[in-house]
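Spelled out, the chains give:
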Amino acid sequence: MIILGIESSCDESAAAVLDYAGAGKSKVLAHALRSQEDEHAPFGGVVPELAARAHLAHLDRLIAHAMQEAGIGWRDLNAVAATAGPGLIGGVMTGLLTGKMIALAHKIPFCPINHLEAHALSPRLISAEIHYPYLLLLVSGGHSLLASISGAGKARVWGQSRDDAAGEVFDKTARLLGLGFPGGAALERLADEGNPQRFSLPLPMRGAEHCDLSFAGLKSAVRREAETLPQGKAGACARADLAASFQAAMAASLAERSAKAMQHHRQSLEKEARPYFVVAGGVAANRTIRETLARAAQAQGFRFTAPPHWLCTDNAAMVAYAGGERLAAGLEGRLDAPARARWPLGQ
Ligand code: KG4
Ligand code: ZN
C-alpha cells in the first residue's frame, strides 16, 4: 500500500511516500522536509501566522519532490494521510486540505492523523518486534505523556505533564543559557562539555503513585541558578555545568516517572511477559535521556527502543505510517474530518 504522508502541525513542512507493509516491513521510499527554524528564530518561538504561510508556500513543492524521489505518479498512490491536529490551526488546515484535495481528485482513501498517534506508532515503522500493547513515553515540544498503546486508535494514557512539555522546558532553558531557538539539540551539545553533578536540581513528582509529570519546579530552579552564574571564562564553564545538570535532572525525572508507568502497564497485561517500552518525540533524540531510559527499562524487566533521530522529530513518514496502521485496522477517515488545535491521544 503506497501512502503519501503530509505533516504541517508546527514548524516543519514535510511530505513522505511510504510503502506500508506493517511493523518493521514498511519502506520509506522518500521523505522531504523543510524546517522553518530560521523564520521563527528571531522571535524566540514559533509564530503561528508565519508558520501557516510557510507551509502554504512550500508543501506543494515538497510533495512533488517526495513523489519524484520515490519514482511514483499519482496513479500509484493508494492512500493519503495528513496530520489533522493537534497543532497550530493555520498550519494544520494547510496540510489537511492539501491531503484531502489529493485524495478527492484521485479517488483514494484519506486518513486524518492525530500527530501524537503518529509519534506513538513511529517505533513500529522501523521494528517488527514492537508488538501491541507497548508502553510509550512521548516527549515533544508540545506534549509529555505516558500511555499504553494497543493499536491504532487505542491508547490508555497513564499520565501527562501538569505544566510545561519536556521539549518546551528544554527550549526555555536553552534560551536562558543564550542558545537560541529551538534549543534542545544545542543544549545537548553544551551539556556534553559540562559536569552534570555540579548543580543539585529537584526531581518533580518523585515517588508519586500516579504517573503525571511536572517540570515547573525544575524550570524555576534552573532559572535561579542561571541568575547567579559568574561572568567570563568561569561563567562559560558554569553554563555548561548547568546545562549538563539540567539534562541529567530531566533524564532522571523522565526515567522515574516512566518506571512508575511500567508498573501500571505490567499490571494491565494478561500474561507475564517482557514488554516493550518505547520513547518517541523530539526530546527522544537526546542521548542522555535515551541512555537513562534504557537503564530504567532494564531495571523493570522491559525491553527498550527509541526511533532514529530523524524519526523522533517531526516528519511525514510517521504520518504515512500511522495512516497505514489505521487503514490496516479498517479505520478509513472521512473527507470532512475537521482540523483540531487540541486533540488528546486516544480520543
Ligand atoms: O516532536 P518535535 O519535533 O515537535 C513537536 O511535535 O513538538 O519536538 C520538538 C522538541 C523541541 O522542543 C526541541 O527542542 C526538542 O524537541 N529536541 C530536543 C533535542 N532535539 C529536539 N530536546 C533535547 N535534546 C535534543 N537533542
Ligand atoms: Zn511532534
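Relevant structure appears above.
Residues numbered from 1 in each chain as written. Chains lettered and ligands numbered in written order. Predicted model: local features only at pLDDT ≥ 70, side-chain atom pairs only at ≥ 80, totals over all residues. Heavy atoms only, no water.

### Comments concerning helix 11 (residues 317-328)
With 12 residues, helix 11 should reach 16 Å at 1.5 Å per residue; the first-to-last C-alpha distance of 16 Å fits that figure. Counting buried positions over the 12 residues of helix 11 gives 11, a clear majority of the element. Looking one or two places after helix 11, you find Gly330, whose phi comes out positive at around 80°. (Helix = DSSP H or I, 4+ residues; strand = E, 2+ residues; numbered from the N terminus. Expected span 1.5 Å × (residues − 1). Buried < 20%, exposed > 50% of the residue type's maximum accessible area, 1.4 Å probe, protein only.)

### Digging into the pairing of strand 1 (residues 2-7)
Counting buried residues along strand 1, 6 of its 6 residues qualify, which places the element largely inside the surrounding structure. As judged from the 6 bridges shared by strand 1 and strand 2 (residues 12-19), these two strands associate in the antiparallel manner. The partner of Ile2 across the bridge, within strand 2, is Asp19. Remark: 4 residues form the turn of the hairpin made by strand 1 and strand 2, two consecutive strands paired antiparallel. (Pairing = 2+ DSSP bridges.)

### Some details on the layout of surface pockets
Roughly 390 Å³ of volume is contained in the second largest pocket. If you trace the second largest pocket, you find 18 residues lining it, with Tyr132, Pro133, Leu269, Lys271 and Ala273 closest to the centre. Of all the secondary-structure elements, those providing two or more residues to the lining of the second largest pocket are strand 7 (144-151), strand 8 (154-160) and helix 8 (232-268). (1 Å grid on protein atoms, 1.4 Å probe; cavity = no way out; pocket = protein on both sides within 12 Å on 5 of 7 lines; lining within 4 Å. Points joined across faces, edges and corners; volume = space filled by probe spheres on them.)

### Observations concerning the packing of helix 5 (residues 166-176) against helix 8
Contact pair helix 5 / helix 8: the axes reach a minimum separation of 11 Å and the direction vectors enclose 170°. What the angle tells us is that helix 5 and helix 8 run roughly antiparallel. Residue-level contacts link Ala166, Val169, Phe170 and Thr173 of helix 5 to Phe246, Gln247 and Met250 of helix 8. The class makeup of the residues in the contact of helix 5 with helix 8 is 5 nonpolar, 2 polar and no charged. (Axes fitted to C-alpha atoms, helices over the stretch in contact; angles between N-to-C directions. Parallel < 35°, antiparallel > 145°, perpendicular 65-115°, else oblique. Contact = heavy atoms within 4.5 Å. Nonpolar A, V, L, I, M, F, W, Y, C, P; charged D, E, K, R; others polar.)

### Structural notes on a nonpolar patch on the surface
On the surface, Leu97, Met101, Leu104 and Leu335 cluster together into a nonpolar patch covering about 380 Å² of accessible area. By secondary structure assignment, the location of Leu104 is in helix 3 (residues 89-106). (Patch = residues over 30% accessible without salt bridge, like charges linked within 9 Å, V, L, I, M, F, W, Y side chains within 5 Å. Areas by Shrake-Rupley, 256 points an atom, 1.4 Å probe, with all protein chains shown as cover. Salt bridge = Lys/Arg side-chain N within 4 Å of Asp/Glu carboxyl O.)

### Points about the site of ligand 1
Lining the immediate surroundings of ligand 1 are 19 residues, of which Gly141, Asp171, Glu188, Gly282 and Asp314 lie closest. With respect to ligand 1, the side chain of Glu188 contributes an N or O atom lying 2.8 Å from a nitrogen atom. In this structure, an oxygen atom belonging to ligand 1 sits 3.0 Å away from a main-chain N or O atom of Gly282. For ligand 1, whose unbound accessible area comes to 550 Å², protein coverage reaches 88%. Sorting the residues of the shell around ligand 1 by element identifies helix 4 (115-126), helix 5 and helix 6 (184-191) as the ones contributing at least two each. Considered class by class, the residues forming the shell around ligand 1 number 5 nonpolar, 11 polar and 3 charged. (Near = heavy atom within 4 Å. Polar contact = N/O pair within 3.5 Å; in protein donor to acceptor, adjacent residues only side chain to side chain.)

### Looking at the sheet that holds strand 9 (residues 276-280)
Taken together, the 5 strands give an open sheet; going across it, the order is 8-7-6-9-10, and neighbouring strands pair in mixed fashion. Of all the strands in the sheet, the pair left with one neighbour each is strand 8 and strand 10 (303-305). Going across the sheet, the axis of each strand differs from the next one's by a mean of 25°, ignoring polarity. Inspection of the sheet shows strand 6 (residues 134-139) paired to strand 7 by 6 bridges, in the antiparallel sense. Within the sheet, the bridge partner assigned to Tyr134 lies in strand 7 and is Ile149. Each of strand 6, strand 7, strand 9 and strand 10 is contacted by helix 4, which is oriented at about 125° to strand 6, the strand it contacts most.

### Describing the nonpolar core
Among the nonpolar cores identified, the biggest contains 48 residues, and Phe246, Met250, Leu254 and Phe277 are the most heavily contacted of them. Ranked by residues supplied to this core, first place goes to helix 8 with 13 residues. Each residue touching Phe277, except ones within four places of it in the same chain, is listed here: Leu135, Leu136, Leu137, Leu146, Ser258, Met262, Leu293, Ala297, Phe302, Arg303, Phe304 and Thr305. Counting 35 residues, the second largest nonpolar core, distinct from the first, contains Leu18, Ala120, Ala147 and Ala322. (Core = buried A, V, L, I, M, F, W, Y, C linked by side-chain atoms within 4.5 Å.)

Honestly, it's all geometry; don't read function into it.
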